[in-house]
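These are the residues of each chain, in order.
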Amino acid sequence: MHRKHLQEIPDQSSNVATGFTWGWDSSKTSELLSGMGVSALEKEEVDCENIPQELLSNLGHPQSPPRKRLKSKGNDKDFVIIRRPKLNKENFPGVSWDSLPDELLLGIFSCLCLPELLRVSGVCRRWYRLTLDESLWQTLDLTGRNLHPDVIGRLLSRGVIAFRCPRSFVDQPLVEHFSPFRVQHMDLSNSVINEPALLAILSRCSKLQNLSLEGLQLSDPIVNNLAQNSNLVRLNLCGCSGFSESALKTLLCSCSRLDELNLSWCFDFTEKHVQVAVTHVTEAVTQLNLSGYRKNLQKTDICTLIRRCPNLVHLDLSDSIMLKNDCFPEFLQLNYLQHLSLSRCYDIIPETLLELGEIPTLKTLQVFGIVPDGTLQLLREALPHLQINCSHFTTIARPTISSKKNQEIWGIKCHLTLQKSSCL
């Protein structure tokens with residue numbers, strides 16, 4: 001088709017009159033555009049922004065399969081102009097994620113486990129900002145994991161308050177520098193952590209209230225760092241080793257608010273360690289476990305302890321073979337004593353246990369190993385107001401008191417967990 005050139009429009013500076021009207025027939029518009037290889041756009045509706053009717057019909061019925069685009073038989077330069085549709089809320093019923101307030105999204109994120117929370121943090125900038133909110137990181141449970149210390153540092157730096165991580169494995173020192181942690185409740189019981197890594201973690205903790213390091217190898221610098229936690233209420237060092245009596249003294253003198261203290265079965269404790277413990281433990285302590293010291297715990301230590309700590313409610317002195325019934329009058333001075341453990345104190349004569357029935361506040365008595373089965377029933381009949389040998393294990397300062405699997409430490413449930421081992 002031969003195209004006629006449009007008449008040249010005269011310049012404004014010429015004397016030719018410029019006032020004229022186009023005599024173009026609108027019906028020829030499609031013919032002109034088709035000659036240019038452009039498809040004419042149909043009349044648009046409100047909020048459609050020149051969307052072809054075919055696309056609008058597809059938007060209104062998302063279930064129908066899209067039509068195949070026909071290949072043009074003409075020139076390769078043929079093209080179609082399609083503007084991006086302006087979404088109409090009427091065509092898309094429901095609520096958009098972007099319209100949800102931060103509070104509602106935080107409530108949804110709080111139901112996710114750790115891998116899922118980390119995954120949604122990569123959706124967009126807003127979600128990344130929300131996943132860093134401290135309310136989602138209040139409690140964290142990484143029980144039984146093989147962890148890099150820098151991973152622990154990054155997680156604790158997000159504002160973790162309660163950290164449950166027993167039976168875990170950490171064998172490398174902390175490399176990155178982190179600001180002080182806000183953690184207040186920490187359980188690292190029976191974990192494999194080398195001293196440099198443990199020191200790096202605890203040196204950044206100054207707000208601890210409950211701490212369990214049961215079974216860990218410690219050192220004087222570690223114990224001295226613990227002394228900066230003056231608000232400690234419960235401290236479990238059962239089975240720990242590697243620190244001197246001077247470091248123990250520094251710790252006990254600094255932690256004047258201790259209510260529960262477990263120093264049992266520290267296998268390298270000497271007589272000096274025991275003397276420091278009974279001499280410098282805070283007077284406010286109500287539950288104390290000094291079991292497992294065989295010949296290192298003497299009657300004189302018991303006298304010193306009871307004079308210093310008159311508010312004891314729960315006292316465990318099991319496996320102290322030097323104790324005899326001549327220390328029973330000392331127990332009578334404890335006006336609040338309810339639970340007493342003397343298991344495997346073999347020098348105590350079973351018949352003398354009747355004297356303990358004179359303690360008016362006593363409720364339970366553990367004497368495993370020193371009372372034969374035949375005598376045990378007679379002892380229960382003679383002391384009907386006492387529960388005798390009702391518990392094999394102590395609960396003093398321990399984070400989890402139930403044998404059942406749970407995610408609680410000192411009554412605090414840790415919601416953020418790593419559920420699948422493959423997530424590591």
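Preceding this section is the structure that the text describes.
The structure reproduced in this document is the subject of the present report. (Residues numbered from 1 in each chain as written. Predicted model: local features only at pLDDT ≥ 70, side-chain atom pairs only at ≥ 80, totals over all residues. Heavy atoms only, no water.)

**What about the overall build of the protein chain?**
A tally of regular secondary structure across the protein chain gives 13 helices and 16 strands. Here the protein chain holds 424 residues, and 40% of them are scored as buried. Here the analysis covers contacts within the protein chain between residues at least 6 apart in sequence; of these, 65% occur between residues at least 24 apart. (Helix = DSSP H or I, 4+ residues; strand = E, 2+ residues; numbered from the N terminus. Buried < 20%, exposed > 50% of the residue type's maximum accessible area, 1.4 Å probe, protein only. Contact = heavy atoms within 4.5 Å.)

**Points about the packing of helix H9 (residues 245–254) against helix H10 (residues 271–280)**
In the contact formed by H9 and H10, the axes pass within 9 Å of each other and the chain directions differ by 15°. The angle between H9 and H10 places the two elements in the roughly parallel class. Of the two elements, H9 crosses H10, and the hand of that crossing is right-handed. Touching Glu245, Leu248, Lys249, Leu252 and Cys253 of H9 are Lys272, His273, Val276, Ala277 and His280, all from H10. Its residues assigned to classes, the contact of H9 with H10 comprises five nonpolar, two polar and three charged. (Axes fitted to C-alpha atoms, helices over the stretch in contact; angles between N-to-C directions. Parallel < 35°, antiparallel > 145°, perpendicular 65-115°, else oblique. Left-handed = near helix turned anticlockwise from the far one by under 90°. Nonpolar A, V, L, I, M, F, W, Y, C, P; charged D, E, K, R; others polar.)

**Let's talk about the pattern of salt bridges**
Under the criterion given, the structure shown has eight salt bridges. Among the ionic pairs, glutamate 214 bridges to arginine 398, the shortest N-O distance being 3.1 Å. Here arginine 398 lies in the loop between strand S13 (387–388) and strand S14 (408–409) and glutamate 214 lies in the loop between strand S6 (210–212) and helix H8 (220–226), a separation of 184 residues in the sequence. Salt-bridge contacts for aspartate 319 lead to arginine 344; the nearest nitrogen and oxygen are separated by 2.8 Å. (Salt bridge = Lys/Arg side-chain N within 4 Å of Asp/Glu carboxyl O.)

**Comments concerning a nonpolar patch on the surface**
Among the surface-exposed residues, Trp97, Leu104 and Ile108 lie close enough to one another that they form a single nonpolar patch of about 290 Å² accessible area. Looking at the secondary structure, you find isoleucine 108 in helix H3 (residues 102–109). Judged by its relative accessible area of 34%, isoleucine 108 falls in the partly exposed class. (Patch = residues over 30% accessible without salt bridge, like charges linked within 9 Å, V, L, I, M, F, W, Y side chains within 5 Å. Areas by Shrake-Rupley, 256 points an atom, 1.4 Å probe, with all protein chains shown as cover.)

**What to know about the packing of aromatic side chains**
Per the counting criterion, the structure on display carries six aromatic pairs. When the centroid spacing of 5.5 Å and the interplanar angle of 70° are considered together, the rings of tryptophan 97 and tryptophan 127 count as edge-to-face. With a gap of 30 residues between them, tryptophan 97 in the loop between helix H2 (53–60) and H3 and tryptophan 127 in helix H5 (residues 125–131) connect regions that are remote in the sequence. Ring geometry for phenylalanine 243 against phenylalanine 269: centres 5.6 Å apart, planes inclined by 80°, an arrangement best described as edge-to-face. On the criterion of sequence distance, the pair formed by phenylalanine 243 in the loop between strand S7 (234–236) and H9 and phenylalanine 269 in the loop between strand S8 (260–262) and H10 is long-range, its members being 26 residues apart. Overall, the relative accessible area of 4% leaves phenylalanine 243 in the buried class. By relative accessible area, which is 5% here, phenylalanine 269 ends up buried. Within the aromatic cluster, the residues linked to one another by ring pairs are Trp97, Phe109 and Trp127. (Phe/Tyr/Trp six-rings, centres within 6.5 Å; stacked < 30°, edge-to-face > 60°.)

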